[in-house]
Amino acid sequence: MRAVTTSPAPVVDVVLPCLDEAGALPWVLARIPDGWRALVVDNGSTDGSAEIARALGATVVTEPRRGFGAACHAGLTAATADIVCFCDCDASLDPGLLKPFVREIRDGTADLVLGRRRPQGRGAWPPHARAGNLALARMLRRRTGLRLHDLGPLRAARREALLGLGLTDRRSGYPLQMVVRAADAGWRVTEHDVPYLPRTGASKVTGTWRGTWHAVRDMRGVLAEQPDRTVPRDAAHEGNTR
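Residues numbered from 1 in each chain as written. Predicted model: local features only at pLDDT ≥ 70, side-chain atom pairs only at ≥ 80, totals over all residues. Heavy atoms only, no water.

Another aspect to go through is the side chain of Arg155. Looking at where Arg155 falls in the secondary structure, it is placed in strand β6 (residues 155–158). Of the side chains with opposite charge, Asp150 comes closest to the buried, unpaired Arg155, at an N-O distance of 7.4 Å. There is a polar contact of 2.9 Å between the side chain of Arg155 and the backbone oxygen of Pro175. When sequence neighbours within four positions are dropped, the list of residues in contact with Arg155 reads Val84, Cys85, Phe86, Leu98, Phe101, Leu112, Val113, Leu114, Pro175, Met178 and Val179. (Helix = DSSP H or I, 4+ residues; strand = E, 2+ residues; numbered from the N terminus. Buried < 20%, exposed > 50% of the residue type's maximum accessible area, 1.4 Å probe, protein only. Lys, Arg positive; Asp, Glu negative; His and termini not counted. Salt bridge = Lys/Arg side-chain N within 4 Å of Asp/Glu carboxyl O. Polar contact = N/O pair within 3.5 Å; in protein donor to acceptor, adjacent residues only side chain to side chain. Contact = heavy atoms within 4.5 Å.)

So this is what it looks like as structure tokens:
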């Protein structure tokens, strides 16, 4: 009888929402730390992004429903590692920067770790996008008490705890809803500076004032939600003794 071999479980899964990022994928995937798995969530690309990702060794998840949140959540549900990270797929952020985030989650000193973007060079973070982010951070502080400066896409947490938040937004409000519901559940949320580079290609969300306005509108809807009392408080701490 032939022996059955199985691939080792990934140490960490990195969810990479992807819509036409063929030019950025080689740079991003080359920076995934050893032993981690890249989950590229193809959200309707027409430039061959999915094929490029597979050729570079990534696991490709298909999410036909358009929306940043839809892509992120498809990656979360496809993940199997205990710790899941999120990173944009446009070469603006180096996924290797997630190493200390994961260490903090694993050590039990935080339940959700976020990257505070520090722009590097001209065009890395347009003024309208930065202004929208600042306004949202202030509204988040009033809503939850969290003194965060950024709601950026680079983040890490435990998979089961994230699923337990019952996230429902499937558009631009997904990252904010994650933070709001984590705060409502009593999670320890930390923030660390990360270099933010000019992205490869055009932004699908905050590349224009109009896109930024739609994103802010989605997020205001999230901030207007009442706390979900069905989410168990401190659920994220359960895996911290591993």
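So, about the environment of Val189. Of note, Val189 is situated in strand β7 (residues 189–196). Distance in space between the C-alpha atoms of Val189 and Asp111 is 6.1 Å, their sequence separation being 78 residues.

A large share of helix α7 (residues 174–184) lies buried, amounting to 11 of its 11 residues. Just downstream of α7 lies Gly186, where phi reads positive at about 85°.

Summarising the model, the protein shows a mean pLDDT of 87, and 84% of its residues fall at 70 or more. Confidence drops under a pLDDT of 50 for residues 1–6, and excluding neighbours within four residues, the segment shows 0 contacts in the predicted structure. (pLDDT = per-residue confidence, 0-100.)

Moving on to unusual backbone geometry. Although it is not a glycine, Asp20 sits at a positive phi angle of roughly 55°. You can see Asp20 is positioned in the loop between β1 (12–18) and α1 (25–29). In this structure, Ala91 takes a positive phi of about 70° despite not being glycine. For Ala91, the position within the fold is in the loop between β4 (83–86) and α4 (99–107). A residue is classified by how much of its surface remains accessible, and Ala91, at 9% relative accessible area, is buried.

Attention now moves to the nonpolar core. Side chains of a nonpolar character, in soluble globular proteins, are inclined to be buried together. With 37 residues, the main nonpolar core has Leu112 and Trp187 as its most contacted residues. Among the elements of the structure, β2 (37–42), α3 (68–78), β4, β5 (112–119), α5 (127–144), α6 (159–164), α7 and α8 (209–223) are those that each provide at least two residues to this core. The element best represented in this core is α7, accounting for 7 residues. Formed by 34 residues, the second largest nonpolar core is a distinct cluster that contains Leu29, Trp36, Leu93 and Val113. (Core = buried A, V, L, I, M, F, W, Y, C linked by side-chain atoms within 4.5 Å.)

Our next topic: the packing of α5 against α7. When two helices pack together, their arrangement is given by the angle between their axes and by how far apart the axes lie. Between α5 and α7, whose axes approach to 10 Å, the crossing angle comes to 25°. In terms of orientation, α5 and α7 fall into the roughly parallel class. When you trace α5 past α7, the crossing you get is right-handed. Where α5 abuts α7, its residues Leu140, Arg143 and Thr144 lie against Leu176, Val179, Val180, Ala183 and Asp184. Looking at the contact of α5 with α7, its residues break down into 5 nonpolar, 1 polar and 2 charged. (Axes fitted to C-alpha atoms, helices over the stretch in contact; angles between N-to-C directions. Parallel < 35°, antiparallel > 145°, perpendicular 65-115°, else oblique. Left-handed = near helix turned anticlockwise from the far one by under 90°. Nonpolar A, V, L, I, M, F, W, Y, C, P; charged D, E, K, R; others polar.)

Time to look at the sheet that holds β5. The pairing of strands in a sheet happens through backbone hydrogen bonds and is either parallel or antiparallel. Spatial strand order, β3-β2-β1-β4-β6-β5-β7: 7 strands in an open sheet with mixed pairing. Looking along the sheet, the strands with just one partner apiece sit at the ends: β3 (59–62) and β7. Across the sheet, the mean angle from the axis of one strand to that of its neighbour is 25°, orientation sign disregarded. In this structure, β5 lies alongside β6, joined through 3 bridges in antiparallel fashion. When the sheet's bridge partners are listed, Leu114 is paired in β6 with Arg155. Contacts between α3 and the sheet are confined to β1, β2, β3 and β4, with β1 contributing the most and set at about 155° to the helix. Along the sheet, α7 makes contact with β4, β5 and β6, crossing β5 at roughly 135°. (Pairing = 2+ DSSP bridges.)

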